[in-house]
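Tertiary structure, described
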Amino acid sequence: MKQILQNTVAALLISGLFTPVIGEDARVTGLLDQLAQPDLEQWETVESQIIATWRESGSDAIDLLLARGITALDDSNPVAAVDHFSAAIDHAPDFAEAYNMRADAFIRQERLGLAMDDLSQVLSRERRHFDAMVKMVFILEQTGENARALAVIREIQSIHPHRGDVKIALERLEKVAEGQKT
């Protein structure tokens, strides 16, 4: 398992973790540009708009599958969630948010290699998907890949400088990089 995860991480980093991008939504690009401004006061609103836009597949049926998967996650049923998200992916293979949410379900099942595979799919479609990157940092830390986690957290910081959890993780990982205990 660890070897599969290491190979996946290496492939992501060698191939350029945040490229290629299959297609970017102009609305999301504009919102992400706003979010990157360190002095943005209404960042929570912009963040919510980004997440809502990411969750729009353009298909009522796919949106329903995504909603059912999210409900299954909320009900602590990651197995059912994987089924719903997988169905969404089968019918809309370019829909990044289905991969992102399935990665969440895989993480809850401790299937980190599968989660990392899905996160790479997300980032190939939306290179600035900060939520997918946060999940990636979690996995990298869990597997002792702290230097790589630090690189990803720094990328998140440039995209979304407002998240408190990112600031805390950045401080923690920088201390680890300096050889200090957290």
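The structure contained in this document is the topic of the report that follows. (Residues numbered from 1 in each chain as written. Predicted model: local features only at pLDDT ≥ 70, side-chain atom pairs only at ≥ 80, totals over all residues. Heavy atoms only, no water.)

The number of helices and strands found in the protein chain is ten helices and zero strands. Helices and strands in the protein chain line up, N terminus first, as α-α-α-α-α-α-α-α-α-α. Looking at the protein chain as a whole, 46% of its 182 residues qualify as buried. Counting contacts in the protein chain only where the partners sit at least 6 residues apart, residues at least 24 apart contribute 59% of the total. Carbon and sulfur atoms make up 50% of the accessible area of the protein chain, which amounts to about 9200 Å² in all. (Helix = DSSP H or I, 4+ residues; strand = E, 2+ residues; numbered from the N terminus. Buried < 20%, exposed > 50% of the residue type's maximum accessible area, 1.4 Å probe, protein only. Contact = heavy atoms within 4.5 Å. Areas by Shrake-Rupley, 256 points an atom, 1.4 Å probe, with all protein chains shown as cover.)

Pairing is possible between side chains that carry opposite charge, provided their charged atoms lie close to one another. Tallied over the entire structure, the rule returns eleven salt bridges. Between Glu97 and Arg55 there is a salt bridge, with its nearest N and O atoms 3.7 Å apart. A residue pair is termed long-range when its members are at least 10 positions apart, and Glu97 in helix H6 (residues 96-108) and Arg55 in the loop between helix H3 (43-54) and helix H4 (60-74) qualify at 42 residues. What makes Glu97 buried here is its relative accessible area of 3%. For Arg55, a relative accessible area of 32% corresponds to the partly exposed category. (Salt bridge = Lys/Arg side-chain N within 4 Å of Asp/Glu carboxyl O.)

Next up on the list: the packing of aromatic side chains. A full pass over the atoms with the stated rule returns one aromatic pair. When the centroid spacing of 5.1 Å and the interplanar angle of 50° are considered together, the rings of Trp54 and Phe130 count as tilted. Of this pair, Trp54 sits in helix H3 while Phe130 sits in helix H8 (residues 130-142); the two residues are 76 residues apart in sequence, bridging distant segments of the chain. Note on accessibility: Trp54 and Phe130 belong to one class, buried. (Phe/Tyr/Trp six-rings, centres within 6.5 Å; stacked < 30°, edge-to-face > 60°.)

Attention now moves to the nonpolar core. In this structure, Leu32, Leu35, Ile50, Phe130, Ile153 and Ile156 are the most contacted members of the largest nonpolar core, which totals 53 residues. If one sorts the elements of this core by residue count, H6 sits on top with eight residues. Setting aside anything within four residues of it in sequence, one finds Ile50 in contact with Val28, Leu31, Leu32, Leu35 and Phe130. (Core = buried A, V, L, I, M, F, W, Y, C linked by side-chain atoms within 4.5 Å.)

Looking at the element boundaries, Ala67 is found in helix H4. Take Ala67: its relative accessible area is 38%, and that puts it in the partly exposed class.

As a packed pair, helix H5 (residues 78-91) and H6 sit with axes 9 Å apart at the nearest point and diverge in direction by 155°. Between H5 and H6, the angle is such that the two are roughly antiparallel. Pair H5 / H6 crosses with left-handed handedness. Residues Pro78, Ala81, Val82, Phe85, Ser86, Ala88 and Ile89 of H5 form the contact with H6, whose participating residues are Ala98, Tyr99, Met101, Arg102, Ala105, Phe106 and Arg108. Within the contact of H5 with H6, the residues separate by chemical class into eleven nonpolar, one polar and two charged. (Axes fitted to C-alpha atoms, helices over the stretch in contact; angles between N-to-C directions. Parallel < 35°, antiparallel > 145°, perpendicular 65-115°, else oblique. Left-handed = near helix turned anticlockwise from the far one by under 90°. Nonpolar A, V, L, I, M, F, W, Y, C, P; charged D, E, K, R; others polar.)

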